[in-house]
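Analysis of the macromolecular model
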Number of protein chains: 2
Amino acid sequence: MMQRQKGVALWRQIADRIRASIAAGDYDATGRVPTEMVLAESFGVNRHTVRAALAALAQEGIVRAEQGKGTWIERRDKFDFPIGLRTRFTQGIGDQARDLKGVLLSAEAETATAETARWLKLDIGAPVRRLDALRKADGRAVSRSTMWFPSARFEGIEEAFRQTESITRALSACGVPDYLREVTEVSAVHAEPDDVAQLALSPGAIVLVTKALNIDPEGVPIQFAITRFPADRVQFSIRNG
Amino acid sequence: MMQRQKGVALWRQIADRIRASIAAGDYDATGRVPTEMVLAESFGVNRHTVRAALAALAQEGIVRAEQGKGTWIERRDKFDFPIGLRTRFTQGIGDQARDLKGVLLSAEAETATAETARWLKLDIGAPVRRLDALRKADGRAVSRSTMWFPSARFEGIEEAFRQTESITRALSACGVPDYLREVTEVSAVHAEPDDVAQLALSPGAIVLVTKALNIDPEGVPIQFAITRFPADRVQFSIRNG
DNA sequence: TATGGTTGTCTATATTAATAGACATTAGAG
DNA sequence: CTCTAATGTCTATTAATATAGACAACCATA
């Protein structure tokens with residue numbers, strides 16, 4: 001059933017499977033997770049191993065155990081982040097959360113690396129501004145972005161983002177009232193130490209990584225962003241037409 | 001640096017980070033992974049722990065160690081799977097692999113569950129045909145799909161897929177020469193036992209999950225599919241316009 | 001051919017993960 | 001109140017993970 005000696009503790013594998021079951025709505029009829037003994041038998045492990053898994057899920061705020069009663073689902077919904085021609089972070093996730101915050105972690109003047117230059121159609125070494133931002137929805141970190149803008153057009157982007165907490169409004173302040181998403185690459189990796197720290201994840205947790213290019217209505221690249229989302233809190237939906 | 005006591009063995013965390021470095025092209029200048037001693041110092045662990053990580057990557061076919069010389073990158077590219085209005089598996093991944101295979105694992109007549117009915121706009125309990133398929137590119141499993149079709153229009157879809165090894169051609173044989181991708185949901189989870197077995201993954205590995213709806217040119221739903229991709233072999237790219 | 005650098009293998013030890021059992025604590029039903 | 005069923009806590013033991021050191025095997029090259 002479960003696999004041993006593969007570098008992932010049994011309790012973590014079980015936590016991952018219970019989390020997936022909750023997300024899939026398996027326990028929605030009762031809102032309750034099966035008892036520790038039932039889970040232990042179904043996974044073929046000791047009750048203490050299941051307890052370790054449930055403790056991890058409780059730590060994440062997904063379940064809550066009540067002595068004498070049972071263990072209950074605390075939260076199951078993911079944020080759904082739509083990706084399309086007009087992809088906007090604040091709008092996209094806006095109606096799913098009450099409190100949205102965009103925190104500017106750092107801003108620096110840099111020169112374009114090979115990758116940045118390729119995406120932004122600049123020469124390698126061209127001046128760019130890099131912004132690092134953390135976004136929170138209802139107090140939970142939902143993304144960590146590193147964004148690059150051509151310095152020539154976006155000198156004051158840093159201050160504008162700090163004030164408005166929104167890329168759309170910051171770009172507007174820099175004279176770009178509208179922009180389009182040209183391409184989004186999606187991949188998934190394990191959380192790195194920076195993700196663990198900033199997104200409050202466990203090692204082994206999954207991070208969805210997008211590389212995205214935004215262009216102005218004339219087709220000129222204005223922003224290249226690498227964004228990392230905690231996969232247990234976010235999913236994407238791509239709508240065509 | 002690395003996190004302990006979090007249910008993921010150090011060697012597996014290190015394997016994940018080296019894999020990510022290779023995928024990012026960090027070692028492309030030499031095609032060579034740093035020596036075991038250098039890696040051990042940079043991660044702050046014992047050389048044996050690094051050796052366990054490299055052994056796992058060698059098992060995956062990503063690196064190859066040569067005694068006395070060093071450890072070399074064996075393979076680094078991911079398949080890029082484009083998602084758009086006309087998403088086609090075989091076409092999309094076709095020019096990136098020499099050998100493409102679609103194996104029908106099972107086919108059954110079922111009645112629509114709540115989820116299937118919602119996506120296909122059928123009544124719950126309506127007759128549907130379910131197909132399970134495994135796709136391989138150059139011998140490596142790249143996806144595992146479960147697909148549902150309304151039975152009324154797609155009685156012979158199973159036999160058509162078995163012969164053509166392609167959904168596009170199977171649909172064409174059922175009188176649907178063209179179809180469109182309406183929506184694709186993307187999420188990521190840890191590999192489940194079935195993924196481990198069929199996609200040849202390790203527990204703790206990442207699986208990208210898509211839920212996709214295809215419609216005919218009149219907008220009538222014809223196929224709902226849940227597809228699971230190994231995240232270390234596949235990425236998605238979403239192009240707009 | 002001698003040397004330095006690299007991977008491969010072995011032994012030993014300490015720490016962490018997993019199992020097992022016993023019993024306490026709490027909540028709800030009868 | 002009593003009984004049952006559930007979670008919470010403790011001890012003990014076994015298995016797996018991580019560290020440490022020593023040395024063999026192999027490769028390139030000075």
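As the structure is a computational prediction, the values presented were derived from the model and not from experiment. (Residues numbered from 1 in each chain as written. Chains lettered and ligands numbered in written order. Predicted model: local features only at pLDDT ≥ 70, side-chain atom pairs only at ≥ 80, totals over all residues. Heavy atoms only, no water.)

A short note on the domain arrangement of chain A
Structurally, chain A comprises domain 1 (10–73) and domain 2 (79–238). Each of domain 1 of chain A and domain 2 of chain A has a C-alpha centre, and these two points are 34 Å apart. (Domains from an automatic or database assignment.)

Examining the sheet that holds strand β2 (residues 63–66) of chain B
Hydrogen bonds along the backbone pair up the strands of a sheet, which may run parallel or antiparallel. All names here are of chain B. The sheet built from three strands is open, its strands ordered β1-β3-β2 with antiparallel pairing. In this open sheet, the two edge strands, each paired with only one partner strand, are β1 (32–33) and β2. With four bridges joining them, β2 and strand β3 (residues 70–73) adopt antiparallel strand pairing. In the strand pairing of β3, Glu66 is matched with Gly70. (Pairing = 2+ DSSP bridges. Helix = DSSP H or I, 4+ residues; strand = E, 2+ residues; numbered from the N terminus.)

Examining the pattern of salt bridges
It is possible for side chains bearing opposite charge to pair when their charged atoms get close. All names here are of chain A. Applying the stated criterion across every chain yields a total of 45 salt bridges over all chains. Two residues, Glu36 and Arg47, come together in a salt bridge whose shortest N-O distance is 2.8 Å. Remark: Arg47 occurs in helix α3 (residues 47–59) and Glu36 occurs in helix α2 (residues 36–43); sequence separation between them is eleven residues. Using a relative accessible area of 18% as the deciding quantity, one classes Glu36 as buried. (Salt bridge = Lys/Arg side-chain N within 4 Å of Asp/Glu carboxyl O. Buried < 20%, exposed > 50% of the residue type's maximum accessible area, 1.4 Å probe, protein only.)

Brief notes about the sheet that holds strand β5 (residues 100–111) of chain B
The strand order across the open sheet formed by eight strands is β4(A)-β11(A)-β8(B)-β9(B)-β10(B)-β7(B)-β6(B)-β5(B), and the pairing between neighbours is mixed. Looking along the sheet, the strands with just one partner apiece sit at the ends: β4 (79–83) of chain A together with β5 of chain B. Neighbour to neighbour, the strand axes of the sheet diverge by 20 degrees on average, direction disregarded. Examined bridge by bridge, strand β11 (residues 234–239) of chain A and strand β8 (residues 180–190) of chain B share four bridges and lie antiparallel to one another. By the bridge assignment for β8(B), A:Arg239 is matched with B:Val183. (Axes fitted to C-alpha atoms, helices over the stretch in contact; angles between N-to-C directions.)

Thoughts on the protein's contact with DNA strand C
In the neighbourhood of DNA strand C, 25 residues make up the surrounding shell, with A:Leu10, A:Trp11, A:His48, A:Thr49 and A:Gln67 lying closest. Considering the 4 Å shell around the protein, atoms of DNA strand C inside it are sugar or phosphate in 64% of instances. Side-chain polar atom of B:His48 to a base nitrogen of DNA strand C: 3.0 Å apart, as the coordinates give it. Contact between DNA strand C and B:Arg51: a phosphate oxygen at 3.2 Å from a side-chain N or O atom of the residue. Of all the secondary-structure elements, those providing two or more residues to the surface near DNA strand C are α1 (10–23) and α3 of chain A together with α3 (47–59), β2 and β3 of chain B. At three residues, the largest contribution of residues to the surface near DNA strand C is made by α3(B). Class assignment for the residues of the surface near DNA strand C results in five nonpolar, twelve polar and eight charged. (Near = heavy atom within 4 Å. Polar contact = N/O pair within 3.5 Å; in protein donor to acceptor, adjacent residues only side chain to side chain. Nonpolar A, V, L, I, M, F, W, Y, C, P; charged D, E, K, R; others polar.)

Some thoughts on helix α1 (residues 10–23) of chain B
The end-to-end C-alpha separation of α1(B) is 20 Å, in line with the 20 Å expected for 14 residues at 1.5 Å each. For α1(B), the tally of buried residues reaches ten of 14 residues, placing the bulk of the element in the interior. Every buried residue of α1(B) is listed here: B:Leu10, B:Arg12, B:Gln13, B:Ile14, B:Ala15, B:Asp16, B:Ile18, B:Arg19, B:Ser21 and B:Ile22. On its buried face, α1(B) is in contact with β8 (180–190) of chain A together with β1, α2 (36–43), α3, β2 and β3 of chain B. Looking at the residues trailing α1(B), positive phi occurs at B:Gly25, about 85 degrees. (Expected span 1.5 Å × (residues − 1). Contact = heavy atoms within 4.5 Å.)

Observations regarding the side chain of B:Arg144
All names here are of chain B. With respect to the helices, strands and loops of the structure, Arg144 is situated in strand β7 (residues 140–150). At 2.8 Å, the side chain of Arg144 forms a polar contact with the side chain of Asp195. Beyond its immediate stretch of four places on either side in the chain, Arg144 contacts Ala133, Leu134, Asp194, Asp195, Gln198, Leu199, Ile226, Thr227 and Arg228.

A look at the protein's contact with DNA strand D
Not every one of the 26 residues close to DNA strand D is listed here, only the nearest: A:Arg47, B:Leu10, B:Trp11, B:His48 and B:Thr49. Considering the 4 Å shell around the protein, atoms of DNA strand D inside it are sugar or phosphate in 66% of instances. Contact distances for DNA strand D include 3.3 Å between a phosphate oxygen and a backbone N or O atom of B:Asn46. Contacts to DNA strand D include B:Thr49, whose side-chain N or O atom sits 2.2 Å from a phosphate oxygen. Secondary structure elements with two or more residues in the surface near DNA strand D: α3, β2 (63–66) and β3 (70–73) of chain A together with α1 and α3 of chain B. With three residues, the top contributor of residues to the surface near DNA strand D is α3(A).

Comments concerning the packing of aromatic side chains
Given two aromatic rings, their pairing is described by the distance between the two centres and the angle made by the two planes. Residues and elements named next belong to chain A. Per the stated rule, a full pass over the model turns up 14 aromatic pairs over all chains. Their ring planes at 40 degrees and their centres at 5.6 Å tell us that Phe81 and Phe229 sit as a pair that is tilted. With Phe81 in strand β4 and Phe229 in strand β10 (residues 221–230), the pair connects residues that are 148 residues apart, well separated along the chain. When its relative accessible area of 5% is taken as the criterion, Phe81 is described as buried. The exposure class of Phe229 is buried, given its relative accessible area of 3%. Relative to Phe224, the ring of Trp119 lies with its centre 4.8 Å away and its plane at 15 degrees, an arrangement referred to as stacked. With Trp119 in helix α5 (residues 114–120) and Phe224 in strand β10, this residue pair connects regions lying 105 residues apart in the sequence. Like Phe224, Trp119 is buried. Following the ring pairs from residue to residue traces out a cluster consisting of Phe81, Phe89, Phe229 and Phe236. Directly above the ring of Trp72 sits Arg32, whose terminal nitrogen or CZ lies 5.3 Å from the centroid. (Phe/Tyr/Trp six-rings, centres within 6.5 Å; stacked < 30°, edge-to-face > 60°. Lys NZ or Arg CZ within 6 Å of the ring centre and 35° of its normal.)

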